[in-house]
Amino acid sequence: MKILTAPHMERCIGCFLCVLAAGNNKDTLSLNNSLIRVIAQGREFVAEIDSGIEAEEGVVASCPRNCLKIEEV
Amino acid sequence: MVTFAPRVLDIDLEKRVASFDTYPDLTPLLGGLATGLELLRQHKENCLAVLSVGPLNGFFPFVSKFCALSIFPEGPREYYIGGRFALIMKFANIDSLIVRGVASEPLTLSVEPSGRVEFSPDLQEEEFLKIGVAGRRSFITFGNDESLVDNYFIFDQAIGRKLYMGNLRRFLISASSSLKVGKPDEYKDIYSEILKKGSELEVSYSDRSSCGLCPAGCSFSKETEERLELVYSHCLVACGFASRIYENIPRIFSCLNSIGFPYKHEDLESLPEKIRYLRTHF
């Protein structure tokens, strides 16, 4: 199974493009149904990822700072 | 056919009541600046501020700001503010906020995921950070000297002070809704095309905290914008630094069409004149 990981969150600028990409389901955009949550902690950001959901390459590509990666488990 | 009527949350600080209304007659105004000016004109009696997003917030890159408006002795003033507030407002299904009245004591306001508006006595920072849904919320804090969005992005202090004097100290919104895309294939193509237009920005990519749906993280991201010459960017509400991308009627039309908002070319073309009128008729 391919899961999303966020090995480089120190680069994150909090643009939420990944959240939107992972919440894009055909004709519906949703932040609530996204498999990734980006949470601001002071000036930094942390990611909470639902690893029970298969991730798509498009979510990794959506990040302008290359924070994300897909890993096979 | 989908119609787009702005959904407006009207908040009365004095009476501690809030209600949602839709304004179908404001649809041709597109959103942001034009909708905000008209709402301000209609509700000027005890209105402290109107905050508005536009039809492309939440859908497209670089459409990352909200418009804040208020009336001052010399007339209405408008500012464009970043952070994630515009994105979350859109995903809370709120197009505009009207804030009016003066509360009897300092308040924290929270729009919960259910859409319910909670009025609480002003919370301490620690308690405040526990409300809303982490990663799906955005907030503005109002102070006498400084007002901030998401504790970083500057909210214009002329309007921020007005809201502070109205005894509003903190205002939080949690995302609750989904956005429907009318033509998903077209939308996907246009989205990708716009995302590649970063070189058309008037700023360089950097590593600062960025506004919602802006990949630039530019060194101006935290600043409030106040450029009166833009029309479409201010109605959409896109970042002013992306004006080369969004001051373009055919592109705006394509964007609106792809998400299912059936605007007419005439509505878009008449917008500059409507804004000129609205700015001068208070």
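Residues numbered from 1 in each chain as written. Chains lettered and ligands numbered in written order. Predicted model: local features only at pLDDT ≥ 70, side-chain atom pairs only at ≥ 80, totals over all residues.

Enquirer: Account for the overall build of chain A, with residues named and values stated.
Expert: Scanning chain A from N- to C-terminus turns up two helices and six strands. For a compact globule of 73 residues, the expected C-alpha radius of gyration is about 11 Å, and chain A comes in at 11 Å, within 12% of that figure. Counting only C-alpha atoms, chain A reaches 30 × 30 × 20 Å along its principal axes. Looking at chain A as a whole, 44% of its 73 residues qualify as buried. Intrachain contacts of chain A at a sequence separation of at least 6 include 60% that bridge at least 24 residues. (Helix = DSSP H or I, 4+ residues; strand = E, 2+ residues; numbered from the N terminus. Rg over C-alpha atoms; globule rule 2.2 N^0.38 Å. Buried ≥ 20, exposed ≤ 12 C-beta atoms within 10 Å, placed from the backbone. Contact = placed C-beta atoms within 7 Å.)

Enquirer: How would you explain the environment of Asn 32 of chain A if you had to name every residue and give the values?
Expert: By secondary structure assignment, the location of Asn 32 of chain A is in the loop between strand 3 (28-30) and strand 4 (36-41). Judged by the 17 C-beta atoms lying within 10 Å of it, Asn 32 of chain A is partly exposed. Note: C-alpha distance between Asn 32 of chain A and Leu 17 of chain A (15 residues apart in sequence) is 14 Å. Beyond its immediate sequence surroundings of up to four residues, Asn 32 of chain A is in contact with Arg 136 and Ala 175 of chain B.

Enquirer: Would you mind going over the interface of chain A and chain B in detail, with residue names and values included?
Expert: Every contact between the two is made by 20 residues of chain A and, on the other side, 25 residues of chain B. For the side of chain A that touches chain B, the secondary structure elements donating two or more residues are helix 1 (17-22), strand 3 and strand 4 of chain A. A per-element tally of the side of chain A that touches chain B places strand 4 of chain A first, with four residues. Each residue belonging to the side of chain A that touches chain B can be placed in one class, and the counts come to 11 nonpolar, four polar and five charged. Bridge count for strand 3 of chain A against strand 13 (residues 178-180) of chain B is three bridges, and the pairing is antiparallel. Its bridge partner lying in strand 13 of chain B, Ser 30 of chain A is registered against Ser 178 of chain B. (Nonpolar A, V, L, I, M, F, W, Y, C, P; charged D, E, K, R; others polar. Pairing = 2+ DSSP bridges.)

Enquirer: Could you give an account of the sheet that holds strand 12 (residues 168-174) of chain B, naming the residues involved and the relevant values?
Expert: Pairing between the strands of a sheet comes from backbone hydrogen bonds, and it takes one of two forms, parallel or antiparallel. Residues and elements named next belong to chain B. Strand order across the open sheet formed by six strands is 8-7-12-9-10-11, with mixed pairing between neighbours. Both outer strands of the open sheet, strand 8 (117-121) and strand 11 (153-154), are each paired with one neighbouring strand and no more. Taken together, the five bridges between strand 7 (residues 107-111) and strand 12 define a ladder with parallel strand orientation. When the sheet's bridge partners are listed, Thr 108 is paired in strand 12 with Arg 170.

Enquirer: Describe helix 5 (residues 184-195) of chain B, listing the residues and the values that go with them.
Expert: An α-helical turn contains 3.6 residues, so any two residues separated by three or four positions project in the same direction. Residue and element names in this part refer to chain B. The end-to-end C-alpha separation of helix 5 is 16 Å, in line with the 16 Å expected for 12 residues at 1.5 Å each. Within the span of helix 5, buried status applies to Tyr 187, Tyr 191 and Ile 194. The buried residues of helix 5 occupy one face: seen down the axis, they fall within an arc of 70°. Counted as exposed and oriented over 90 degrees from the buried face of helix 5: Asp 185, Ser 192 and Glu 193. Structurally, helix 5 contributes buried residues whose contacts are with helix 7 (243-246) and helix 8 (249-259). (Expected span 1.5 Å × (residues − 1). Arc of directions from axis to C-beta.)

Distances and angles like these do not, on their own, reveal function.
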